[in-house]
Amino acid sequence: MSSVLVSADKDSGVAVVTLNRPGRLNAIDLEMAGRLADVWRELRFDDTVRAVVLTGAGERAFCTGIDRDAVVPQPNSPFAQDDPLLGIGPKANDLWKPVVAAVRGMACGGAFYLLGEAEFIVADTTAAFFDPHTTYGMVSAYESVLMAQRMPYGEVARMALMGTAERISARRAYEVGLVSELAPEGGALEAATACASVIAGHPTEAVQGTVRALWAASEAGRAQGVAQAPHLIALGNAAGERQARLFAERGRAYRLR
């Protein structure tokens, strides 16, 4: 079974892309990272698809970031960091068809690489958002840069700095603007698909031009933040052994706000 599923409705013009590792909470391993890049590139050339919904399989999580078992060799330099998640988003693969994210359950850490490149997010009442990096001795760089385009500074800072001790509820995410629509439990995919179907019915060139204009509006700030990220990660991340120990020792309790 593929780690990323794609189904397209030629009548509506909407494709649904599903992260399909529910047994691993849809965590992204290297195979899934490569598959996501392939999917976005394939959708660029499929003129029958005019809008995309991105979701996760199962009930527990949309995505929990990079799989902790993924082995990513790193160059021995503080000026270089190889991050396999940098290429998993639609914009990173030059796809300018609108993407609506449908979130059920947890969305954390590397999930923000995907959510940050979606046009907007629909979530059901089970959704919860958090960034575990600091708890594990890691710098939240790319995630924070992307979320700074979606949420007030104080909310991004609190999420990044509180780590696993706190999660943002679906209701709070809606209140601060991270989520644009709050659906009943289990209803995020249907609500997101309804939005995508409307968008797909509009003239394609106007829609894609609008997506590019919206992305360009925040591009300068995002580019500056991303340029600093590799150095901050290289200098601020704890050694791998300490990260593993902190991960093993993490507390299970958290506050939902």
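Look up a bit, the structure's there.
Summary of the structure given here.

Remarks on the overall build of the protein chain
1) Next: Across its full length, the protein chain holds nine helices and 11 strands.
2) Next: The globule rule puts the C-alpha radius of gyration for 257 residues at 18 Å, and the 18 Å found for the protein chain is close to it.
3) Next: Along the longest, intermediate and shortest principal axes, the C-alpha atoms of the protein chain span 50 × 40 × 35 Å.
4) Next: Residues classed as buried in the protein chain amount to 47% of the 257 residues present.
5) Next: The centroid of the 25 positive side-chain charges in the protein chain is displaced by 5 Å from the centroid of its 29 negative side-chain charges.

Here's the deal with the packing of aromatic side chains
1) Next: What the rule picks out here adds up to two aromatic pairs.
2) Next: A ring pair is formed by tyrosine 113 and tyrosine 142, whose centres lie 6.0 Å apart and whose planes are at 45 degrees; its orientation type is tilted. Remark: tyrosine 142 occurs in helix α3 (residues 142–147) and tyrosine 113 occurs in helix α2 (residues 111–115); sequence separation between them is 29 residues.
3) Next: According to the relative accessible area criterion, tyrosine 113 is buried, its value standing at 5%.
4) Next: With a centroid separation of 5.1 Å and an interplanar angle of 70 degrees, the aromatic rings of tyrosine 136 and phenylalanine 247 are classed as edge-to-face. Note that tyrosine 136 is positioned in the loop between β8 (128–130) and α3 and phenylalanine 247 in helix α9 (residues 240–249), a separation of 111 residues in sequence.
5) Next: Among the residues examined, tyrosine 136 registers a relative accessible area of 9% and is labelled buried.
6) Next: Under the relative-accessibility criterion, phenylalanine 247 is labelled partly exposed at 24%.

Overview of the layout of surface pockets
1) Next: Put simply, the largest pocket is a space of about 1400 Å³.
2) Next: Along the walls of the largest pocket sit 47 residues, with Ile66, Asp67, Arg68, Tyr136 and Met138 positioned nearest its centre.
3) Next: Of all the secondary-structure elements, those providing two or more residues to the lining of the largest pocket are β6 (106–108), α3, α8 (219–236) and α9.
4) Next: Among the elements that take part in the lining of the largest pocket, α9 stands out by supplying four residues, more than any other.
5) Next: Along the lines of polarity and charge, the residues of the lining of the largest pocket split into 25 nonpolar, 12 polar and 10 charged.

Focus on the nonpolar core
1) Next: Trp40, Leu43, Phe62, Val103, Leu115, Phe129 and Met147 are the most contacted members of the largest nonpolar core, which totals 48 residues.
2) Next: With six residues, the single largest contributor to this core is helix α1 (residues 30–44).
3) Next: Other than its neighbours up to four places away in sequence, methionine 147 contacts Phe112, Leu115, Gly116, Val156, Met159 and Leu178.

Considerations on the pairing of strand β1 (residues 4–9)
A regular strand places its side chains so that they alternate between the two faces of the sheet.
1) Next: Of the pairings in the sheet, the one linking β1 to strand β2 (residues 14–19) comprises six bridges and is antiparallel in character. Residue pairing for β2: aspartate 9 is matched across the bridge by valine 14.
2) Next: Between the antiparallel neighbours β1 and β2 lie four residues, among them glycine 13 with a positive phi of about 80 degrees.

A closer look at the sheet that holds strand β7 (residues 120–124)
1) Next: Reading across the sheet, the six strands line up as β1-β2-β3-β5-β7-β10 and stay open at both edges, with mixed pairing between neighbours. Of all strands in the sheet, those with a lone pairing partner are β1 and β10 (181–183), marking the two edges. Going across the sheet, the axis of each strand differs from the next one's by a mean of 20 degrees, ignoring polarity.
2) Next: As defined by bridge partners, β7 adjoins β10 across three bridges and the pair is classed as parallel. Pairing of aspartate 124 across the sheet is with alanine 183, part of β10.

With respect to unusual backbone geometry
1) Next: Not every positive phi belongs to a glycine, and leucine 25 is a case in point at roughly 55 degrees.
2) Next: Relative to the helices and strands, leucine 25 resides in the loop between β2 and α1.
3) Next: In this model, asparagine 26 sits at a positive phi of 60 degrees, which is unusual for a non-glycine residue.

A short note on the side chain of asparagine 20
1) Next: Within the fold, asparagine 20 resides in the loop between β2 and α1.
2) Next: Excluding anything up to four places from it in sequence, asparagine 20 contacts Met1, Ser2, Ser3, Val4, Leu5, Asn26, Met32 and Ala57.

Thoughts on the pattern of salt bridges
1) Next: Using the criterion set out here, one finds 15 salt bridges in the structure.
2) Next: A salt bridge links aspartate 94 to arginine 44; the shortest N-O distance between them is 3.3 Å. Taken together, the positions of aspartate 94 in the loop between β4 (61–63) and β5 (99–103) and arginine 44 in helix α1 put the pair 50 residues apart, joining distant regions of the chain.
3) Next: Its relative accessible area of 34% is what places arginine 44 among the partly exposed residues.
4) Next: A salt bridge links glutamate 119 to lysine 91; its shortest N-O distance comes to 2.8 Å. On the criterion of sequence distance, the pair formed by glutamate 119 in the loop between α2 and β7 and lysine 91 in the loop between β4 and β5 is long-range, its members being 28 residues apart.
5) Next: One connected set of salt bridges, linked through shared partners, spans Glu155, Arg158, Glu166, Arg172, Glu175, Arg255 and Arg257.

Each value, and the rule that gives it
Residues numbered from 1 in each chain as written. Predicted model: local features only at pLDDT ≥ 70, side-chain atom pairs only at ≥ 80, totals over all residues. Heavy atoms only, no water. Helix = DSSP H or I, 4+ residues; strand = E, 2+ residues; numbered from the N terminus. Rg over C-alpha atoms; globule rule 2.2 N^0.38 Å. Buried < 20%, exposed > 50% of the residue type's maximum accessible area, 1.4 Å probe, protein only. Lys, Arg positive; Asp, Glu negative; His and termini not counted. Charge placed at Lys NZ, Arg CZ, Asp CG, Glu CD. Phe/Tyr/Trp six-rings, centres within 6.5 Å; stacked < 30°, edge-to-face > 60°. 1 Å grid on protein atoms, 1.4 Å probe; cavity = no way out; pocket = protein on both sides within 12 Å on 5 of 7 lines; lining within 4 Å. Points joined across faces, edges and corners; volume = space filled by probe spheres on them. Nonpolar A, V, L, I, M, F, W, Y, C, P; charged D, E, K, R; others polar. Core = buried A, V, L, I, M, F, W, Y, C linked by side-chain atoms within 4.5 Å. Contact = heavy atoms within 4.5 Å. Pairing = 2+ DSSP bridges. Axes fitted to C-alpha atoms, helices over the stretch in contact; angles between N-to-C directions. Salt bridge = Lys/Arg side-chain N within 4 Å of Asp/Glu carboxyl O.

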